[in-house]
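# A closer look at the structure
One letter stands for each residue in the lines below.
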Amino acid sequence: MRFNSKELALLVQQTNHYDKEGFLLMKDKQDGFFKKSEAYINRYVKLKGNLLFYFKNKDNKAEPLGVIVLERCAVELAVDQETTNGFLLVFEGEDHAFRFDANSEAVRDAWIQSLHIASHECLKMQLQSLREQLHTKTGSDPICLTNESNSSVDFEFHSDNASQDPVLEVSISCANLKNDNTDVPPNALVIVHTMLPPQQQVWMHHNHSEIVEKNNNPQFLKTIGFGDKYGIDTSTRVRITVHHVVERMTGTMKQLGQAIFTLQDLLNSVDLRLSLQIKSPYSQENGIITITAWINDEKVSLSQLQAQQNMIQVSEYMAESKWTYEVPIQLLRLWVNEEKYMISMLQDLGELTFDEGFVVKETSDYCMSAVLTYNQHVAHLNEHAEFTTFKRSADKGKQELEFIPINLHIERMLVSTDISSAGRMYDISTVGAFSTHCRDMKNGGLRRLLNQVKVTYTSDGSSHQTTKTAKACCILNKITNLRTELKSLSDNLYEVSNKGLVEAVKETVNNMKEKISVINGLCADSLVIEASEAYLSAKRNANTSEGADLASLRNMSENQPPSIEQNWKWSGSNFVKSPTMEPWEVTRLNLEAAFVYLVSIVEDLVLNKSQECLNADNTYTSLLEKIKPAITKMHGFLEIIWARMSLFLTFLSIMENKGQVKQVHEIKLRRDIVNSHAISTLISAFVAVTHTDKMIEPLFCRQLCTVGIICQFEGLLSCYGSEMSMLEDTMIAVDDLSNVSFRLVTAVDKALCPKASLGSFVREGPYPDISRHNIIIDIPVPPDTFSQLPQELQLGKQITVTPVAFNIGINEQATLAEKFGSTALQEKMNTDSFAKVYEYYMLYTKHFDDPLDRSHGLSSLYHMIKMLQNSVMTKKGKNVDVLHMAAEVTRAMNGLRITYCKSGKDRTSMAVTLEMVHILQRNHNLASHVFMQSLDCLRSVGCRRENTLKNTGIKKYAFISLQMLYIPKLYRAPSGTYGNVQT
């Protein structure tokens, strides 16, 4: 920018009042002995409009040392070590930033606020906002920005907004247009712009008419269309501007005036005909414009379009979960049983060599410690559960409540219209981040800690990503599943044999052969053989080891934690108590021999049946009586294989933790805490669904049977400071929910409390744990509802859960992460979650049609999935479109919606209210011009203000003015609803 220094000095001298002035430390160059260096120098700074002057001192007659033009720049907090209350002016496309430092935080914040609103661009935004508010109140735009007296237009230009197959079409005519300066009738041209607030904040060119020359009452033949085959938003604002074309060749023209209306205004007019005054740029009347409309689509009626603007009645409810304490208590009792079972397994290992025995004894001691700790927590929580069902965000630091989710609520919106008595319900669960807030997080969150342990594990040889522990859990789950399937097939074999169904017998035997073959393959797996040899070798060496080692092992109890009782004893399974065990190959062959014997009996039975000798003698009956003992014998050997394999693989997993048993135990404790939060929240969200009419919808019930239910978590944590650790904790907690499933049961005596139980499968995945099993949640439903469920659900089919989590930081810490840190963790989280969403979507579409549009048009679920993918892959700051699209996709597939931030209170409130208004606009045709008004209403007088009162005792969101500058516009709290909150 060029300017004359004398004129600038004159401007400073003639200015009597400045917007803000005061002393600031400014980083500037200063002369040294050999070269110039930068340092913070005290300057007197004055702000006038978008000009920031800085002076050597406060002398009013002094000339400024320089001026900064505050355009195309951003004000940011300084995070360097040089300043305590610093801030920067960063200009677009410039590497150099102007750095300042204030003498206090209050002074710094005041300067940041003043600088933020000083630019001409900010003034334009404020003007636009005020114009919108005035138009909402008065129905017209009081300020018509004057165009240049002679401007030009490209008559061949057509916007993409112009529809090829419009739903609504209009013709335009004008009357009483005034003559030009030479008293000649105007060459009239109409240009149409549209705007759909709040998404659009500027007018978009839509279409234009032809030019009607020298006519005061032009009738335009070209029609203008709105909408397409995917629908029409009747809240669209339309601006029609009438121009006088001065020179057709160059496109030079002069504005005569304009009129503004909405499509809903047009549809509600008599005979779809709307007449409006044309207001000139100087607010003078300049004729009348008439818009006549008709509907082209036979499938759309006028009443349907008019109904889009009917009154919407919204009721908002917020409720605590009745089982906020009960569910964690149940989970703690399950984990106590898990620890006791592990202690039993460890005792079943028997006498081992000193090194292996030390690891086993240390592991056993920590398991006993966990039992004591968890039982103490159960006792504390039982006391609290008698008088509360809610944990305040202010209590997140209390260790005795660490297993309780923070600020857990169900937010329900009931929407009805004046033309429909039946309303629609929308549920959103809100909660604080799943994290161990009262424990030290200086070493990072769970994901980082688990990765630190993971790198010490031995690779299984097939891949660097797969560890022996992960493969051990995978094999154990496979053998557990095969064990269940073989038992079921054995029962079926006896049943069909008893009925004499030869073909069914043959089919069942073939299926059993396949299962036995897979079991043999697992028994011969290199990892299983390695584990068995390592364990048996440790036992053999223990029997020949020196007495000193054995004595040392027996005396290790002297070094165990003082909290552990010395007289605890646990009993294990009897068949592994023997100090000598048969070779693993012999155990496997015993199962195979038992199955061969069973098959021989079945073959003889089939042969006798096919020869129809049943009536001649009792051979068939005799063979039938032999089947049951043969099945029982095979079951016995199957149980031994499963138990020994469990023992071997558990031994292997424990040895992998050698040298870090304490760290693994602490990680397991933290993982149980965050899992308690996540499972309690998931149950709360699912139970809310079971008490709605969805449970009697055949399609929804079939979805539960075939693909399960998807649960989407919307996070607002930043990748900066302590919130990074919270995000790492939450990621693990959400991933672990894939080990949870639901089972619907009939309620007895109106008892509706969910009941948790352990399944048979250990925790797999990237962070496996052989000491934790899957969890099954029995959800009681009323008998009337249960009787209408599909037969599969009534018989106990488990409903699987697909958990996904998308996170976008929105506060000032997120800005710091984007500018000076890294958001790689957030990006990976969103990318991985989209992959899971897409996998669920593909499975969903195999069983169901597109719930929104079977033609895969712009309004279809298919298109929404593509938009979500694009949003996830787009690299831009605070990309909240990811959250909005993920929520829409989840609701389209009948999923559960859960929103969280640090405490589930402030940022969560902004996100939940925004989602509600989006739902009203998308599903209930909320007028666009009342979007922001509805948003402010929900945030000012809705349930979320009550939530802040419950948590802090003050009915205010815990934001400060400075934070509002960094939070995206649609997530900002209304003035007067936030401030410093002392809990």
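This is a predicted model, so every value here is computed, not measured.

Rules of the game
- Residues numbered from 1 in each chain as written.
- Predicted model: local features only at pLDDT ≥ 70, side-chain atom pairs only at ≥ 80, totals over all residues.
- Heavy atoms only, no water.
- Helix = DSSP H or I, 4+ residues; strand = E, 2+ residues; numbered from the N terminus.
- Buried < 20%, exposed > 50% of the residue type's maximum accessible area, 1.4 Å probe, protein only.
- Contact = heavy atoms within 4.5 Å.
- Areas by Shrake-Rupley, 256 points an atom, 1.4 Å probe, with all protein chains shown as cover.
- 1 Å grid on protein atoms, 1.4 Å probe; cavity = no way out; pocket = protein on both sides within 12 Å on 5 of 7 lines; lining within 4 Å.
- Points joined across faces, edges and corners; volume = space filled by probe spheres on them.
- Salt bridge = Lys/Arg side-chain N within 4 Å of Asp/Glu carboxyl O.
- Phe/Tyr/Trp six-rings, centres within 6.5 Å; stacked < 30°, edge-to-face > 60°.
- pLDDT = per-residue confidence, 0-100.
- Core = buried A, V, L, I, M, F, W, Y, C linked by side-chain atoms within 4.5 Å.
- Axes fitted to C-alpha atoms, helices over the stretch in contact; angles between N-to-C directions.
- Parallel < 35°, antiparallel > 145°, perpendicular 65-115°, else oblique.
- Left-handed = near helix turned anticlockwise from the far one by under 90°.
- Polar contact = N/O pair within 3.5 Å; in protein donor to acceptor, adjacent residues only side chain to side chain.

Bringing the overall build of the protein into the picture now. The helix and strand inventory of the protein stands at 27 helices and 25 strands. Burial statistics for the protein: of 983 residues in total, 51% are counted as buried. Nonlocal contacts in the protein, meaning residues at least 24 apart in sequence, comprise 72% of its contacts between residues at least 6 apart. Summing over all exposed atoms, the protein offers an accessible surface of approximately 46500 Å²; the carbon and sulfur share of this is 50%.

With a phi close to 55°, N407 is a non-glycine residue in the positive phi region. Within the element layout of this structure, N407 appears in the loop between α7 (354-385) and β18 (409-417). What makes N407 buried here is its relative accessible area of 0%. At N894, a position not held by glycine, the phi torsion is positive, near 60°. Mapped onto the elements, N894 comes out in the loop between α23 (881-892) and β25 (896-901).

Turning our attention to empty space enclosed by the protein. Applying the stated criterion across every chain, the model contains seven cavities of 30 Å³ or more. The space that makes up the largest cavity amounts to roughly 470 Å³. When residues of the lining of the largest cavity are traced back to their parent elements, those giving at least two are α7, α8 (446-454), α14 (619-656), α15 (661-690) and β23 (769-781).

In the structure shown here, the tally under the stated rule is 40 salt bridges. Two residues, D109 and R108, come together in a salt bridge whose shortest N-O distance is 3.1 Å. Assigned by exposure class, D109 and R108 land together as buried. Put simply, E320 and K950 hold a salt bridge, and the shortest N to O gap is 2.6 Å. Note that E320 is positioned in strand β17 (residues 312-320) and K950 in helix α26 (residues 943-952), a separation of 630 residues in sequence. Overall, E320 belongs to the partly exposed group, its relative accessible area being 32%.

Turning our attention to the packing of aromatic side chains. Any aromatic ring pair is given by two values, namely how distant the centres are and how the planes are angled relative to each other. For the structure on display, the rule yields 15 aromatic pairs. Seen from their ring centres, Y535 and F651 are 5.4 Å apart, and the 65° between their planes marks the pair as edge-to-face. In this pair, Y535 sits in helix α11 (residues 526-544) while F651 sits in helix α14, placing the two residues 116 residues apart along the sequence. Assigned by exposure class, Y535 and F651 land together as buried. Ring centres of Y844 and F848 lie 5.1 Å apart, and the angle between their planes is 35°; on these two criteria the pair is classed as tilted. This pair shows no difference in class: Y844 is buried, exactly as F848 is.

Summarising the model, the protein shows a mean pLDDT of 85, and 86% of its residues fall at 70 or more. Segment residues 145-149 is flagged for pLDDT under 50; beyond a separation of four residues in sequence, or across chains, it makes seven contacts in the model. Within the model, the stretch residues 546-580 combines pLDDT values under 50 with 50 contacts to residues more than four positions away or in other chains.

With that out of the way, let us pick up helix α16 (residues 698-706). F700, C701, Q703, L704 and C705 are the residues of α16 that are buried. Elements that come into contact with the buried residues of α16 comprise α15, β20 (709-715), α19 (791-794), β24 (799-807) and α21 (824-847). Where α16 terminates, the next one or two residues include G708, which has phi positive at roughly 75°.

Core analysis: the biggest nonpolar cluster contains 77 residues, and F713, F742, L744 and I777 have the highest contact counts within it. Tallying contributions element by element places α15 first for this core, with 12 residues. Excluding anything up to four places from it in sequence, F742 contacts L682, I683, F686, I777, I779, K797, Q798, I799 and V801. With 63 residues, the next largest nonpolar core counts V528, I601, L647 and L649 among its residues.

We now examine the side chain of H884. Structurally, the position occupied by H884 is in helix α23. Leaving out residues up to four positions away in the same chain, H884 has contacts with L914, H918 and Y971.

For the pair helix α6 (residues 326-348) and α7, the least separation of the axes is 9 Å and the interaxial angle reads 160°. Taken together, the axes of α6 and α7 are roughly antiparallel relative to one another. Note on packing geometry: the crossing formed by α6 with α7 is left-handed.

Turning our attention to the environment of Q660. By the secondary structure assignment, Q660 is in the loop between α14 and α15. Taking the C-alpha atoms as reference points, Q660 and V453, separated by 207 residues in sequence, lie 8.1 Å from one another. Not counting the four nearest positions on each side in its chain, Q660 is found in contact with V453, T456 and Y457. A distance of 2.7 Å separates the side chain of Q660 from the side chain of T456, its partner in a polar contact.

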